[in-house]
Amino acid sequence: GAGVSQSPSNKVTEKGKDVELRCDPISGHTALYWYRQSLGQGLEFLIYFQGNSAPDKSGLPSDRFSAERTGGSVSTLTIQRTQQEDSAVYLCASSLGTPRWGPPLHFGNGTRLTVT
Amino acid sequence: KNQVEQSPQSLIILEGKNCTLQCNYTVSPFSNLRWYKQDTGRGPVSLTIMTFSENTKSNGRYTATLDADTKQSSLHITASQLSDSASYICVVSSSSGGGADGLTFGKGTHLIIQP
């Protein structure tokens, strides 16, 4: 079946512009996560959605970052007034239930964002 | 603070050789530990999960171990293949949840298999 889909796969933008990154999770998965991975670094948690609960935004690095999940499915991560330090690969993952009780995270292949 | 430390940071071995990757954690209370494989340019994919009661689990040429007393896990790769070249990420879950849904990621081990 279809996995997690992210678009675009690559995005080059100028400093100061806004960008939107899209994630289509696996159908039926209630949990959705956004992570950021800088070159040679580990995954950095950004935000977590679980069903209809309020999202866990504790990982968002600044108020320039926001995310929404419409209808419990598609999610959009928005970065306003992009900075060069925002350059990274943004990974989305979905899960059936809560991974801390067992279900694995299913990751998309990410969006590589380059801010020039 | 929950932490996951992986070693070595990077490793180069010859095709056909074996290797062992390490993961030490301080996550508490512990729920499970999962190993992911991340190929270049792709998202991580789950290899195996270890729960508190499990000591050893195999998945083909991959064998994971867990020592819940010392809070250590290892991933052993037997008869390595070129396709094993990837980053291997250890993720530990806390049953109490918390920020990031209780998931703590290691920084990964970058493994290169040379022909």
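Trainee: Got a minute to help me understand the interface of chain A and chain B in this structure?
Mentor: Many descriptions give the size of an interface as the accessible area lost when the pieces come together. Contacts between the two partners involve 22 residues from chain A and, on the opposite side, 24 residues from chain B. Around 1,700 Å² of area is buried between chain A and chain B when both sides are counted, 52% of it from carbon and sulfur atoms. Linking chain A to chain B there are 0 salt bridges. Viewed at the interface, chain B and chain A are joined by 5 residue pairs in polar contact (both at pLDDT 80 or more).

Trainee: Can you help me understand the side chain of Arg69 of chain A in this one?
Mentor: Residue and element names in this part refer to chain A. Here Arg69 is to be found in strand E6 (residues 65–69). Here Arg69 occupies a buried position and makes no salt bridge, while the nearest side chain of opposite charge, Asp24, is found at 9.6 Å. Within the structure, the side chain of Arg69 is placed 2.9 Å from the backbone oxygen of His29, a separation counted as a polar contact. Among the polar contacts made by the side chain of Arg69, one reaches the main-chain carbonyl oxygen of Ser73 at a distance of 2.9 Å.

Trainee: Explain the pattern of salt bridges here, please?
Mentor: Oppositely charged side chains can pair when the atoms bearing their charge come close. Residues and elements named next belong to chain B. Tallied over the entire structure, the rule returns 6 salt bridges over all chains. The salt bridge partner of Arg61 is Asp84, with a shortest N-O separation of 2.8 Å. Here the residue Arg61 occupies a position in the loop between strand E6 (56–59) and strand E7 (62–67), and Asp84 occupies one in the loop between strand E8 (72–77) and strand E9 (86–94), the gap between them amounting to 23 residues. Among the residues examined, Asp84 registers a relative accessible area of 1% and is labelled buried.

Trainee: Got a minute to help me understand the pairing of strand E10 (residues 111–115) of chain A in this structure?
Mentor: When a strand is regular, its side chains alternate between the sheet's two faces. Residues and elements named next belong to chain A. The two faces of E10 differ: Thr111, Leu113 and Val115 on one face are buried, but Arg112 and Thr114 on the other face are not. When strand E2 (residues 10–13) meets E10, the two strands line up parallel, connected through 4 bridges. Its bridge partner being in E10, Thr13 is matched across the sheet by Val115. The sheet contact formed by strand E8 (residues 88–95) and E10 spans 3 bridges and is antiparallel. Paired with Val89 across the bridge in E10 is Arg112.

Trainee: Would you explain the sheet that holds E6 of chain B in this entry?
Mentor: Residue and element names in this part refer to chain B. The 5 strands lie next to each other as E1-E3-E8-E7-E6, forming an open sheet whose pairing is antiparallel. Looking at strand neighbours, the two that pair on one side only are strand E1 (4–7) and E6, the edges of this open sheet. Taking the axes of each pair of neighbouring strands and ignoring which way they run, one obtains an average angle of 15 degrees across the sheet. Relative to E8, E7 runs antiparallel, the two being bridged by 6 bridges. The residue bridging Ala64 from the neighbouring strand is Leu75, located in E8.

Cut-offs used in this document
- Residues numbered from 1 in each chain as written.
- Chains lettered and ligands numbered in written order.
- Predicted model: local features only at pLDDT ≥ 70, side-chain atom pairs only at ≥ 80, totals over all residues.
- Heavy atoms only, no water.
- Contact = heavy atoms within 4.5 Å.
- Buried area = accessible area lost by both parts, 1.4 Å probe.
- Salt bridge = Lys/Arg side-chain N within 4 Å of Asp/Glu carboxyl O.
- Polar contact = N/O pair within 3.5 Å; in protein donor to acceptor, adjacent residues only side chain to side chain.
- Helix = DSSP H or I, 4+ residues; strand = E, 2+ residues; numbered from the N terminus.
- Buried < 20%, exposed > 50% of the residue type's maximum accessible area, 1.4 Å probe, protein only.
- Lys, Arg positive; Asp, Glu negative; His and termini not counted.
- Pairing = 2+ DSSP bridges.
- Axes fitted to C-alpha atoms, helices over the stretch in contact; angles between N-to-C directions.

Remember that the coordinates give geometry; whether it matters functionally is a separate question.
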